[in-house]
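# Observations on the three-dimensional arrangement
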Amino acid sequence: MTHMKSFIYLDHNATTPVCGEVLEALPGFAAAWGNPSSIHQAGRMPKNIIRDSRKAIAESFKVSPLEIIFTVGGSEANNFVIKGIFEFYQLEQIQKLKVNGTSKEIRNHYMCSAVEHPAVFKTLMYLKSMGAEVDIIPVNRRGEIDLEFYQSHLSEKTALVSVMMANNETGTLFPIEQMATMAHARGALFHTDAVQAFGKIEINLSALNVDFASFSGHKFNSIKGSGFLFAKRGTQLNPLIHGGAQERHRRGGTENTMGIGCLGVVAKRTAFIAEKAKSISKIRNHMESRILSEISDVTVTASETPRLPNTSSLVLLGVDGETMLMSLDLKGFAVSTGAACSSGNPEPSPALLAMGLSRDEAQNSLRVSLGWDTTLEQIESFVETLKSVVTRLRTLSDADNCATAQICSAVGGSNHV
Ligand SMILES: Cc1ncc(COP(=O)(O)O)c(C=O)c1O
């Protein structure tokens, strides 16, 4: 087993540790090994686990249990709603053609923000390759979404708008209720990717008035491979996974009883979010003020706009994000340079670039994301370590530049080689 005694995890937007309540409940869910679709007694226990979990989630979000569709995670929920709406309209057109011999113009226009997770962004690009019209709503450096652009591009042709509730890299919160109302005024449906908001801020889906919302268990102290899509009653979308009659014919496949059961367990923890959010934001703000006053040439991206309480996206000029991440890792701190899904990819974060950061600024970015159990002491120790890491890397980089300049002048060249 890996020795993680002095390991401080500050990458909760990538994934979260499994909480004690889930660990305690897991063996019971695993023991319910029957197929939930079986009518005999082996199926009863898993069926009850799924029913109870659906009820707990619905209560937590103030919606109906019938509006919850279980998936394997956030990416599937996002793909499900976007492709499901597109195919629903395509099939409607095919049906019209068969019955009337004429085709009717369908809603074929889609929109998302410029900073969506790839599970939304790339799915919309896929729709574009299939003939859909797609518009990307700009987001500025402060994290604000361009509502004028949004309003002027919404039309009677718009089928679906997808805008995340909270950004995974900067924590920016978008005005979901307002944007959903604007979409509805044009007869369009509204989806929000709530994966990063789950467990970090209070969410009342019925008050937000969205048609669809995606969630993932592993971002809120549950196990991986579990998530769900909220689909408002009366909305229609084609299944992504065709198969059995599970999830009222909306998602085929034998249910992941363990993952679903654990989602029900964490749904009950949402009652403590407001209180947790307050204490996490206090610690995060303390961390930022120390970093800003004790390290030179640092900015916090989109700090002026409402944000998740746990997220801090820092630009430390002149220090490569990947090098900083590795140095911090060696000293026992886990952070991220951007979305975890793109780590190992040397390209700077597309979301930060879309917000107007330069390539250098994006490459000098570090994401610190706190969790429910992060303490002030851990953050004090992180800031001290970050200070020494940044000082060392900047000194090395200065020495390197100096050596390069000396070599260049010796050979009579310039830095632009
Ligand atoms: C905003 C957002 N949406 C979707 C996902 C994907 O969720 P999952 O890992 O459950 O597929 C992530 C994961 O990083 C995310 O941050």
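How each quantity is defined
Residues numbered from 1 in each chain as written. Predicted model: local features only at pLDDT ≥ 70, side-chain atom pairs only at ≥ 80, totals over all residues. Heavy atoms only, no water. Pairing = 2+ DSSP bridges. Helix = DSSP H or I, 4+ residues; strand = E, 2+ residues; numbered from the N terminus. Axes fitted to C-alpha atoms, helices over the stretch in contact; angles between N-to-C directions. Contact = heavy atoms within 4.5 Å. Salt bridge = Lys/Arg side-chain N within 4 Å of Asp/Glu carboxyl O. Buried < 20%, exposed > 50% of the residue type's maximum accessible area, 1.4 Å probe, protein only. Domains from an automatic or database assignment. Buried area = accessible area lost by both parts, 1.4 Å probe. Near = heavy atom within 4 Å. Polar contact = N/O pair within 3.5 Å; in protein donor to acceptor, adjacent residues only side chain to side chain. Areas by Shrake-Rupley, 256 points an atom, 1.4 Å probe, with all protein chains shown as cover. Nonpolar A, V, L, I, M, F, W, Y, C, P; charged D, E, K, R; others polar. Right-handed = clockwise from strand over helix to strand, strands pointing away.

Spatially, the seven strands line up as an open sheet ordered β2-β8-β7-β6-β5-β3-β4, and their pairing is mixed. The open sheet has two free edges, formed respectively by β2 (68-71) and β4 (133-137), since each of these has just one partner strand. Within the sheet, the average angular offset between the axes of one strand and its neighbour, ignoring direction, is 20°. Of the strand pairs in this sheet, strand β5 (residues 158-162) and strand β6 (residues 189-193) are connected by three bridges, and their pairing is parallel. Bridging from a neighbouring strand, Ser162 pairs with His191 of β6. Sheet strands touched by helix α6 (residues 176-185): β4, β5 and β6. Its angle to β6, the strand with the most contacts, is close to 155°.

So, on to the pattern of salt bridges. Under the criterion given, the structure shown has 18 salt bridges. When the shortest N-O distance is used, the salt bridge between Glu247 and Arg54 registers 2.8 Å. One end of the pair, Glu247, is in helix α8 (residues 246-249); the other, Arg54, is in helix α2 (residues 41-61), with 193 residues separating them in the sequence. Each member of the pair, Glu247 as well as Arg54, carries the same accessibility label: buried. For Lys232, the salt bridge identified is with Asp211, shortest N-O distance 3.6 Å. Linking Lys232 in the loop between β8 (227-231) and α8 with Asp211 in the loop between α7 (205-208) and β7 (212-216), this pair joins segments that are 21 residues apart in sequence.

Attention now moves to the domain arrangement of the protein chain. Under the domain assignment, the protein chain is made up of domain 1 (8-15 + 273-411) and domain 2 (20-271). Each of domain 1 and domain 2 was reduced to a C-alpha centroid, and the two centroids are 31 Å apart. With 31 residues of domain 1 at the contact, the number on the domain 2 side is 30 residues. Between domain 1 and domain 2, the buried area comes to about 2,600 Å², and carbon and sulfur atoms account for 54% of it.

Taken together, 14 residues sit near the ligand, with Gly74, Ser75, Asp193, Ser216 and Lys219 positioned nearest. His117 is positioned such that a nitrogen or oxygen atom in its side chain is 3.5 Å from an oxygen atom of the ligand. Within the side chain of Gln196, an N or O atom sits 2.9 Å from an oxygen atom of the ligand. Contact with the protein chains covers 88% of the free accessible surface of the ligand, which is 400 Å². Taken together, the residues that form the shell around the ligand break down as three nonpolar, nine polar and two charged.

Before going further, it helps to spend a moment on the sheet that holds strand β12 (residues 365-369). Read from one edge of the open sheet, three strands run β9-β10-β12, paired in antiparallel fashion. Two strands in the sheet have a free side with no partner beyond their single neighbour: β9 (298-300) and β12. Taken over all neighbouring pairs, the strand axes of this sheet differ in orientation by 25° on average, direction set aside. Along the sheet, helix α10 (residues 273-294) makes contact with β9, β10 (311-316) and β12, crossing β10 at roughly 10°. Sheet contacts for helix α11 (residues 321-330): β10 and β12; angle to β12, the most-contacted strand, approximately 45°.

Turning our eyes to something else, we now look at the side chain of Ser64. As for its position among the elements, Ser64 is in the loop between α2 and β2. Classification of Ser64 as buried rests on a relative accessible area of 15%. Engagement of the side chain of Ser64 in a polar contact is seen with the side chain of Arg233, the distance being 3.3 Å. Each residue touching Ser64, except ones within four places of it in the same chain, is listed here: Ala58 and Arg233.

Looking now at the pairing of strand β3 (residues 109-113). With five of its five residues buried, β3 lies for the most part within the structure. Where β3 and β4 come together, five bridges link them in parallel fashion. Residue pairing in the sheet places Tyr110 in a bridge with Val134 of β4. On the question of chirality, the crossover connecting β3 to the parallel β4 by way of helix α4 (residues 118-129) is right-handed. Both β3 and β5 contribute to a ladder of four bridges, which runs parallel. Among the inter-strand pairings, His109 is bridged to a residue of β5, identified as Thr158.

Turning next to unusual backbone geometry. A positive phi angle, near 50°, is found at Glu247, a position not held by glycine. At Arg248, a residue that is not glycine, the phi angle is positive and equals roughly 50°. Along the chain, Arg248 falls in helix α8. On the basis of relative accessible area, Arg248 is assigned to the exposed category, the value being 52%.

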